[in-house]
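# Examination of the molecular architecture
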Amino acid sequence: MTAMPATTPRSPAAATRQPAAAGPAAELDAADRRLINRLQDGLPLVAAPYAVVAAELDLSEGELLYRLERLLEAGVLSRFGPMYHAERLGGGLTLAALAVPEPDFEAVVEAVNAFPEVAHNYRREHALNMWFVLATETPQRIQEVIDEIEAATGLPVFNMPKQEEFHVRLHLPV
């Protein structure tokens, strides 16, 4: 059994909490590539999951953790963490979008990303040019956060709750 971490290679259009782009210092070597590819398959549910994965990759646990931290800091990975089914845990989850005037985009990114309930935030080439996921502790909190984001940005939030769930295994080989 494995836990599926959200190991997301950085999208060039992503508007997230991490640095805007990976620079020259973020060049990937073969070990970085193996690490990114392996972590997309999840972590083993054992007492020392990083040690197990490190052994699979012929790395020390310390080197694996160092590489992971470096990849996050460089913006190569936008996030690394567990993926929870918020609704099964009693929480709320929704997809939301904003139509942000281009001159205000960066300021709105900062305002939206200041909310801890924002799980992902991406720029889109569409009239609704900012899309984000909200994950809250209770279903009622979704509307509260939407109201707070509208107050912080001065823009209407388009709430698009899930109608049907699909499981799509996303693996981005590097």
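You'll find the structure just up there.
Residues numbered from 1 in each chain as written. Predicted model: local features only at pLDDT ≥ 70, side-chain atom pairs only at ≥ 80, totals over all residues. Heavy atoms only, no water.

With that settled, the discussion passes to the nonpolar core. One finds Leu98, Val112, Met130, Phe132, Leu134 and Ile149 to be the most contacted residues of the largest nonpolar core, which totals 18 residues. Counting residues per element, the ones that place at least two in this core are strand 5 (92–98), helix 4 (105–113), strand 7 (130–136) and helix 5 (139–153). Those residues within four positions of Phe132 in sequence are excluded, and the remaining contacts are Thr94, Leu95, Ala96, Ala97, Leu98, Val112, Val118, His120, Asn121, Ile149 and Val157. Listed in part, the 15 residues of the second largest apolar core include Leu43, Leu64, Leu71 and Phe80. (Core = buried A, V, L, I, M, F, W, Y, C linked by side-chain atoms within 4.5 Å. Buried < 20%, exposed > 50% of the residue type's maximum accessible area, 1.4 Å probe, protein only. Helix = DSSP H or I, 4+ residues; strand = E, 2+ residues; numbered from the N terminus. Contact = heavy atoms within 4.5 Å.)

Right, let's talk about the sheet that holds strand 7 for a bit. Taken together, four strands build an open sheet; the order of strands is 6-7-5-8 and the sheet is antiparallel. At either end of the open sheet lies a strand with only one pairing partner, and these are strand 6 (118–123) and strand 8 (158–160). Taking the axes of each pair of neighbouring strands and ignoring which way they run, one obtains an average angle of 20 degrees across the sheet. Where strand 6 meets strand 7, five bridges bridge the pair, whose relative direction is antiparallel. Paired with Val118 across the bridge in strand 7 is Leu134. Here helix 4 sits on the sheet in contact with strand 5, strand 6 and strand 7, set at roughly 165 degrees to strand 6. On the sheet, helix 5 packs against strand 5, strand 6, strand 7 and strand 8 and is oriented at approximately 140 degrees with respect to strand 7. (Pairing = 2+ DSSP bridges. Axes fitted to C-alpha atoms, helices over the stretch in contact; angles between N-to-C directions.)

Now for the pairing of strand 7. In terms of burial, strand 7 is a largely internal element, five of the seven residues being buried. Strand direction decides the pairing type here: strand 5 and strand 7, joined by seven bridges, are antiparallel. Bridging from a neighbouring strand, Leu93 pairs with Ala135 of strand 7. Linking strand 6 back to strand 7 in an antiparallel pair, the connection comprises six residues.

Across the interface, helix 2 (residues 49–56) lies against helix 3 (residues 61–73) with an axial gap of 8 Å and an inter-helix angle of 95 degrees. By the angle class used here, helix 2 and helix 3 are roughly perpendicular. Residue-level contacts link Tyr50, Ala51, Val53 and Ala54 of helix 2 to Glu61, Leu64, Leu65 and Leu68 of helix 3. When grouped by side-chain class, the residues that make up the contact of helix 2 with helix 3 number seven nonpolar, no polar and one charged. (Parallel < 35°, antiparallel > 145°, perpendicular 65-115°, else oblique. Nonpolar A, V, L, I, M, F, W, Y, C, P; charged D, E, K, R; others polar.)

A rise of 1.5 Å per residue sets the reference length of helix 5, with its 15 residues, at 21 Å; its end C-alpha atoms lie 22 Å apart and thus fit the reference within 8%. Taken residue by residue, helix 5 has Ile142, Val145, Ile146, Ile149 and Thr153 as its buried positions. Seen from one end, helix 5 has its buried residues packed into an arc of 105 degrees, which puts them on one side. Turned more than 90 degrees from where helix 5 packs its buried face, Gln140 and Ala151 sit exposed. If you follow the buried residues of helix 5, they end up packed against strand 5, helix 4, strand 6, strand 7 and strand 8. Just beyond helix 5, the residue with positive phi is Gly154, at close to 75 degrees. (Expected span 1.5 Å × (residues − 1). Arc of directions from axis to C-beta.)

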